[in-house]
Each structure stands twice: as structure tokens, then as C-alpha cells.
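What the coordinates show
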Amino acid sequence: MNAAQGEVVAMGVDPYTLYSYWEINQPISQDMRLTIYNRTENISWEIPISQQTGSLYVEIGDRRGEGACDFQVAIMPIAVSNIISVPPLAPSNCLDQEWCNHKEPYRKAASKEYEEIAVHDLVAEGATCPASVLSSFCLVR
Amino acid sequence: MEKGYIALILHCHLPFVRHPEHAEFLEERWLFEAITESYIPLIDLFTRLCNEEISYKVTLSVTPPLAAMLSDPLLQSRYLLHIEKLIELAEKEIVRTQKEPEINLLAKFYLNEFVKAKAIFEHCGRNLLTALRALQDEGSIELITCGATHGYLPLMAHIPNAVRAQVTVACEEHRRHFGRGPSGIWLPECGFYPGVDRFLEDAGLRYFILDAHGLLNAAPRPVYGLHAPIYCPSHVAAFARDPEASKQVWSADEGYPGDLDYRDFYRDIGFELPLETIGSYIHPDQIRVHTGLKYYRITGKTEHKETYNRSAAEEKAKMHAENFISNREQQVLSLSAGMDRKPILVAPYDAELFGHWWFEGPLWIEALIRQLAANPKVLKLTTPGRYLREYPKNQVATPPTCSWGYKGYNEFWLNRENDWIYPLLHKAAYQMIRMANEFNQSSGLLMRALNQSARELLLAQSSDWAFIMKTGTSPPYAVARTKLHLERFDRLSEEIWRNEVNELYLKDVEEKDNIFPEINYRVYAD
């Protein structure tokens, strides 16, 4: 592979989507593919690309596990992207033995149910940074 | 002895907007409105509480672009003109509303507020940072920093030098403005990705804030959930936003700011009075804007609005503070029963929410502090830095990529409205790194051009432009700013590589984009 032939970049959107853009310094043939690698689960698949597009949103939510995954994309044999860490779909099942031995682990928050509710609420209700404050400065007529 | 802590964190940020090439510029009003309605009222209340020897601890993140604007002589002199015009407008309103006693009372109230704002501004020598620094030195306020231009770090993660520059320049600017390095950082938009903590550690930062799901989804699973920090592998601590505390203030439906007795944000005389009356106090192109004189309360969901009653709103703010404390106390009592340490509830908000958006917000904060100081048996204010000093041993875990934006990840800053900016920003960042490596020993004109290139790149990276493109509130300006800084960057870099720096052009952009006067472009070098 030759870096001068082009580059491809991967960026995470959310646990279900990644975004990739590329710049290829040669005509893209009809059978050119964007290969998506789930490096954590060792899975890959391909999507046809065209010269005109230059970028693509890719659905990646269909994963075997729920943990964080490393993803990478490539246009072979021209360019391979950076690796991105895609967030997990659920809280970690990995427990810290040192801290679980504490006198009274924080049971309520540590329970999966609580965590799922908390995460679900945040996502569903949008109880996150409101667009209103910065936007409110921009209000003119 | 208290059973737990609450950390009130106010994120003070506006993008760098400064246009010396225009006598008056619409978007500069963002800063002026925030100074009058949020920053001065907050500084005023924090200072009064100190003078009364009321004990409190609050964390303020003051972003480098905001600090640059607050300390800029041009913007300071323009703010003075702005507040003087508001005083003039309020005086005219007192005459105009003579036959409407309730409205007239409010006009007098606004006149008093504007006169007070001007007095505080002048008392600070026109530089509000001096007041913040005094509050920091007194010990009540913990000042922290942010990305140099609020650049959204997860979307530049594959260019480590660019991330490092955002963090390093921010810390250096903070030190220059406030006389000491920041202990913590507000990651722009709470945007975290695994590994960014290494750059924070290198900059001497001890903590940052995550949204709740960022900490809950860390691996291994945090045993204290949201209510104690974790250490990242770098040993930089991550604190998490408490959703309950957030919701009561942020939520459009359930939050305090929507109370019917509070002042209505939208009904402003800038939009309501005829142009012959208000024309001199809005934008010179007759673009209607918020003046800050608003006479009505929220009242209800219909167009019918009743006159704002300041006394009733003040009482409501105190009640809401009491309610907030009561809810947090119940939380702390419940949590502390199952924990072997005092829980911490982290309550972060945009500072501009208080005063600008929620007019009574500063009253609510003042009531909160006074009530907590009067009765600290269950709950006490603290800062993340203080909490870490009390509990230096914490679980080690790695949070995932996350933010506090819509749906909790990168979507708000990476979508079909703004994705076109990233190839351009990344290309410019790589170019900056190449120049920093190639011209590592520069001096004179070349060094100035390299430093200005770094400023232009940083300004183009501001997350605010992508944010505004998505919200659609002022997209032409956000697009223009992104393109403008990239164009300036491209021209400078072409001249640098050709060794033909045009000093006249360089001087022009140095004067316009004068942020970070002490920047060293070598921060981008490998």
C-alpha cells in the first residue's frame, strides 16, 4: 500500500454508526469496496463505493457482544483507516475484584437494571446538553 | 458532619467572536448579553457571599475563547457602549411606560440592573477575569479550563498532536489569565474517548467531567456508580453528572426554569416595539434582537402573557432551591447508607443558563448556597479537586467514547449538516503538524506566520460551528467562520512553504484573530 494513493478516515457517530470519508488519488473502479473490520470480534464486511460519494455512514450495531469494539475501515489495496473505539451497547460485565471486596459495594448503582434505566433515560429523554442556551443567543428576526 | 457532597459546576463558554473590521457586529452581542445577564450577576452573587463570609465551594470552567474575549480591550470598550445604550433605553422606557405602573416598575428595575452591571464591570477594570481570579485566590471558586477553542476531541482522536494542542494551549492560557494551572478540565461537550486522558495527565490535569452513561458504561464496572469518581488508566479522575440533579434544572418539561412565575425569555421589547421607538437599540440593519427588557412572565403555554412580578419570582427561586436541596439530601441519605465513603452528586450546567436563559437562575444559586451554608448537616458544597484530596484512592476503569450531547455520543457534531468540515479540518491539522516539524527553529516573520496558522486552525476547530450548523439557529455564520479560518490557514501555510510570508496580510489576520497571544506553534510538533 502506498500512502500517496489516498487515505481513508473512520469516525464514530454512536454505538450503532460510523462515518468514513476517503480521498483516493486514482479513478475508483466499479468493483471498489469499503471494507469494515470489527477488530474486536474479528468480523468484516464490504460495501460498494463510488468515486462521487467520498464518504459514507455505515451501520455497525449488529454486533455479537455488547462491549466496546475497535473498528477500522479500508479501501483495499489503497488505504487503511485509523482505528476507532466504538462505545459499548450495555454496561460492562467485568467486575473489579479489588473493589467488590469492599465492605458494602454500592449495590443499587452497580445493578444492571439501574444502569440500564439510567442510560435509557438519558438517551430517550434527551436529558443532555440542550441546544437552547447557545442557540438562544442566535435568535434574531 | 455532612453525609455527602454536591459539586456545582458552571461551564462558562462562548465561541470567539470578535470583528474589529466592523463597527458593530450582530454576533458580538452573544458576549454582551451573557456579560449583562449571566457573568456579572454570577460574579456579583459570589462576591457578596464571600464578603458576608458565607462558606461555599463552586467550580467554574472558563473556556479560553471566553477568557480571551473578556480580557480583550476592543470587546471591553464595545461592551461599555452596549451597556450604556441599554441604560439609555431603560431610561426611555421609564418615560414611555409612565401610565402602566406594573411595567414602569419593571423598567425601573432594569435600569437599576444595567447601572449595577456597568458599575461592576468598571469596578473590575472592565476585565471580569480579575474578579474571577480574586474569587479563586480567596478559595471559594475552583477555576478549571476547557479545550483551547472548545474543539470536540473525539472527532480528532486520530490526530494526537491536534488533541494535545487543544489541551496544552488551554492550560497555558489558563495559567496566563489566572496565575496558576487548572486542576481540572471541562472536556468540550463532555466529549471523551479512551486515551484522551493521557493528554490531560501530560498537562498536569487531575480530573474531568463525564455524562452519566460515560461513567456507568466504564470497564470494569464502577462499584460506586455515579457517585464517586473513577481513575482512568492515566490516573486522571472522571466524575459523572448526576441525572436527577441535571433534570430538575435542564428539563424543558419538568425543570425549574419553565415555572409559570418566571420571566418569559421570548417576549422582549426588541421584537415588540415599533421600529421608530426601538430602532436605535437593535442592530443598525434593523435586525430585531433581544434587548434584555422583558416585561412578562411565562404564564402558560398560550400567547397570553401576564406582567412579570419580580417579588413572586424571587420567592419561587428560593422555593426551588429548597426543593432541589431536599431532593439531593434524600439522594445522599439513601446513597450514604450503602457506601463506605461520602457520595458526591455532580451538578454541571452551562453558566449562561443562569441569568440569560433562566433569568432567576442566579437567585436560585444564591438561595442554594445560603440554604446549604445555613444547614450543612446532610449536604455540603464541594469541588472535584477537594473531593479527590479527601478520597485520593479510587477505582481504576476506562470509560467509553461519550459526550453530553443529543443521544450521548458524537451525532450532534457529526451528521449530514456538518460532516463536510472534517476532511478539511483534518487536512489542516496534518499540514500544521508538518509545518511544526519542518520549521521547528523558526524566528521573526516565519515564526509569527506559524503561530497565526496555529490560531486559525484552533479557531476553525471550535465545536460551536458544527453545533450551530446542526441546530440551524445561525448556520450561515457558523459556515462562514469555519471557511474563513481554514482559508486564512491555507493562505498562511502556502506562504510559509514558499517562504514568502506577506507581512501586511499576516498583520491583518493577527489583529483580527488575536486569541492566544503567547501561543507557540511547536505544540503541534511530533
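Use the structure listed above.
Here is a short report on the structure shown in this document. By convention here, each chain's residues receive numbers from 1 onward along its written sequence. Chain A is the first chain written and ligand 1 is the first ligand written, with later ones labelled in order. The predicted origin of the model limits local features to residues at a pLDDT of at least 70 and limits the giving and counting of side-chain atom pairs to 80 or more, whereas totals for whole chains, interfaces and linings rest on all residues. No hydrogens and no water enter the side-chain calculation; it runs on all heavy atoms of the structure.

Description of the overall build of chain B
- Along chain B, the regular secondary structure elements total 19 helices and nine strands.
- Two things to know: the radius of gyration comes from C-alpha atoms, and the globule rule equals 2.2 Å times the number of residues to the power 0.38. Taking 24 Å as the expected radius of gyration for a compact globule of 526 residues, we find that chain B reaches 23 Å, a close match to that expectation.
- Considering only C-alpha atoms, chain B reaches an extent of 70 × 65 × 45 Å along its principal axes.
- When a residue's accessible area, from a 1.4 Å probe over protein chains only, is under 20% of the maximum for its type it is buried; when over 50% it is exposed; and in between it is partly exposed. Counting only residues that meet the buried cut, chain B has 66% of its 526 residues in that class.
- Intrachain contacts of chain B at a sequence separation of at least 6 include 80% that bridge at least 24 residues.
- Carbon and sulfur atoms make up 51% of the accessible area of chain B, which totals about 18,700 Å².
- If you average the places of the 58 positive and of the 70 negative side-chain charges in chain B, the two averages end up 3 Å apart. Under the DSSP-based scheme used, a helix requires at least four consecutive residues in state H or I and a strand at least two consecutive residues in state E, with every element numbered from the N terminus. Two residues form a contact once any of their heavy atoms are found within 4.5 Å. All accessibility values rest on the Shrake-Rupley procedure with a 1.4 Å probe; residue burial counts only the protein chains present in the view. Residues scored as charged are limited to Lys and Arg (positive) and Asp and Glu (negative), so that His and the chain ends carry no count. Here the site of a charge means atom NZ of a Lys, CZ of an Arg, CG of an Asp or CD of a Glu.

What to know about the overall build of chain A
- Counting its secondary structure elements, chain A contains four helices and eight strands.
- Starting at the N terminus, the α and β elements of chain A follow one another as β-β-β-β-β-β-β-β-α-α-α-α.
- Within the span of chain A, comprising 141 residues, buried residues form 45% of the whole.
- Sequence-distant contacts, at least 24 apart, represent 57% of the contacts inside chain A between residues at least 6 apart.

Notes on the pattern of salt bridges
Residues and elements named next belong to chain B.
- Think of a salt bridge as a Lys or Arg side-chain nitrogen and an Asp or Glu carboxyl oxygen that are within 4 Å of each other. Under the criterion given, the structure shown has 35 salt bridges over all chains.
- Where arginine 18 meets aspartate 72, a salt bridge forms, and the shortest distance between an N and an O atom there is 3.0 Å. On the criterion of sequence distance, the pair formed by arginine 18 in the loop between strand S1 (4-12) and helix H1 (29-51) and aspartate 72 in the loop between helix H2 (64-70) and helix H3 (73-96) is long-range, its members being 54 residues apart. The same class applies to arginine 18 as to aspartate 72, namely buried.
- Salt-bridge contacts for lysine 116 lead to aspartate 44; the nearest nitrogen and oxygen are separated by 3.7 Å. With a gap of 72 residues between them, lysine 116 in helix H4 (residues 101-123) and aspartate 44 in helix H1 connect regions that are remote in the sequence.
- Exposure remark for aspartate 44: the relative accessible area of 15% places this residue in the buried category.
- Salt bridges sharing common partners tie together Asp44, Arg48, Glu52, Glu113, Lys116, Glu366 and Arg370.

Overview of the packing of H3(B) against H4(B)
Residues and elements named next belong to chain B.
- Axis separation between H3 and H4 bottoms out at 9 Å; the angle between their running directions is 160°. The orientation of H3 relative to H4 falls into the category roughly antiparallel. You can see that H3 and H4 cross each other, and the crossing is left-handed. The residues of H4 that touch H3, namely those facing Gln76, Tyr79, Leu80, Ile83, Glu84, Leu86, Ile87, Ala90, Glu91, Glu93 and Ile94, are Asn104, Ala107, Lys108, Tyr110, Leu111, Phe114, Val115, Ala117, Lys118, Phe121 and Glu122.
- Grouping the amino acids of the contact of H3 with H4 by side-chain chemistry returns 14 nonpolar, two polar and six charged. For helices, the fitted line uses only the C-alpha atoms of the stretch in contact; every axis is such a line through C-alpha atoms, and the angle between N-to-C directions lies from 0 to 180 degrees. Put simply, angles under 35 degrees are roughly parallel, angles over 145 are roughly antiparallel, angles from 65 to 115 are roughly perpendicular, and the rest are oblique. It is the rotation of the near helix from the far one that decides the hand of a crossing: anticlockwise by less than a right angle makes it left-handed, clockwise makes it right-handed. Under this grouping Gly is polar, as are all residues other than the nonpolar Ala, Val, Leu, Ile, Met, Phe, Trp, Tyr, Cys and Pro and the charged Asp, Glu, Lys and Arg.

Let's talk about empty space enclosed by the protein
All names here are of chain B.
- Cavities and pockets are found on a 1 Å grid laid over the protein atoms alone: a cavity is a set of points where a 1.4 Å probe fits but cannot escape, a pocket is an open set with protein on both sides within 12 Å along at least five of seven lines, and a lining residue has an atom within 4 Å of such a point. Grid points are joined across faces, edges and corners, and a volume is the space filled by probe spheres set on the points. Summed over all chains, the structure comprises seven cavities of 30 Å³ or more.
- Roughly 120 Å³ of volume is contained in the second largest cavity.
- If you go around the second largest cavity, you meet 14 residues; those closest to its centre are Tyr152, Met156, Tyr422, Leu425 and Gln461.
- Within the residue set of the lining of the second largest cavity, elements represented by two or more residues are helix H15 (421-438) and helix H17 (463-471).

Comments concerning H1(B)
Residue and element names in this part refer to chain B.
- The length a helix should cover is 1.5 Å for every residue beyond the first. Over its 23 residues, H1 extends 31 Å from the first C-alpha to the last, a length consistent with the 33 Å expected when each residue adds 1.5 Å.
- Taken as a whole, H1 carries its principal kink of about 50° at isoleucine 35.
- With 19 of its 23 residues buried, H1 lies for the most part within the structure.
- Glutamate 53 occupies a position one or two residues after H1 and carries a positive phi of about 60°. One fitted axis covers the seven residues ending at a residue, a second covers the seven starting there, and the bend at that residue is the angle between these axes.

Comments concerning the nonpolar core
- Throughout, nonpolar core names a set of buried Ala, Val, Leu, Ile, Met, Phe, Trp, Tyr and Cys residues whose side chains join them through atoms within 4.5 Å. Counting residues in hydrophobic clusters, the biggest one holds 208 residues, and the most contacted among them are Phe46(B) and Tyr349(B).
- Counting 20 residues, the second largest nonpolar core, distinct from the first, contains Ile24(A), Ile28(A), Cys69(A) and Ile84(A).

Some words on the packing of aromatic side chains
All names here are of chain B.
- Put simply, two rings from Phe, Tyr or Trp (the six-membered ring, in Trp's case) pair if the centres are within 6.5 Å, and we call them stacked under 30 degrees between planes, edge-to-face over 60, tilted for the rest. Per the stated rule, a full pass over the model turns up 39 aromatic pairs over all chains.
- Ring geometry for tryptophan 250 against tyrosine 349: centres 6.2 Å apart, planes inclined by 65°, an arrangement best described as edge-to-face. Here tryptophan 250, found in helix H9 (residues 243-250), pairs with tyrosine 349, found in strand S8 (residues 344-350); they are 99 residues apart in sequence, far enough to count as distant. Summarising the burial analysis for this pair, tryptophan 250 and tyrosine 349 share the class buried.
- Here phenylalanine 265 and tryptophan 357 contribute two aromatic rings whose centre-to-centre distance is 4.6 Å and whose plane-to-plane angle is 50°, an arrangement assigned as tilted. Taken together, the positions of phenylalanine 265 in the loop between H9 and helix H10 (269-272) and tryptophan 357 in the loop between S8 and helix H13 (361-374) put the pair 92 residues apart, joining distant regions of the chain.
- Residue classification places phenylalanine 265 among the buried positions, given a relative accessible area of 5%.
- For tryptophan 357, a relative accessible area of 21% puts it in the partly exposed group.

Quick word on the pairing of S8(B)
Residues and elements named next belong to chain B.
- Buried residues dominate S8, accounting for seven of its seven residues.
- Residues Ile344, Val346, Pro348 and Asp350 of S8 are buried on one face, and the alternating residues Leu345, Ala347 and Tyr349, pointing to the opposite face, are buried as well.
- For two strands to be treated as a pair, DSSP must find no fewer than two bridges joining them. As judged from the seven bridges shared by S1 and S8, these two strands associate in the parallel manner. Looking at the pairing, isoleucine 9 lines up with proline 348 of S8.

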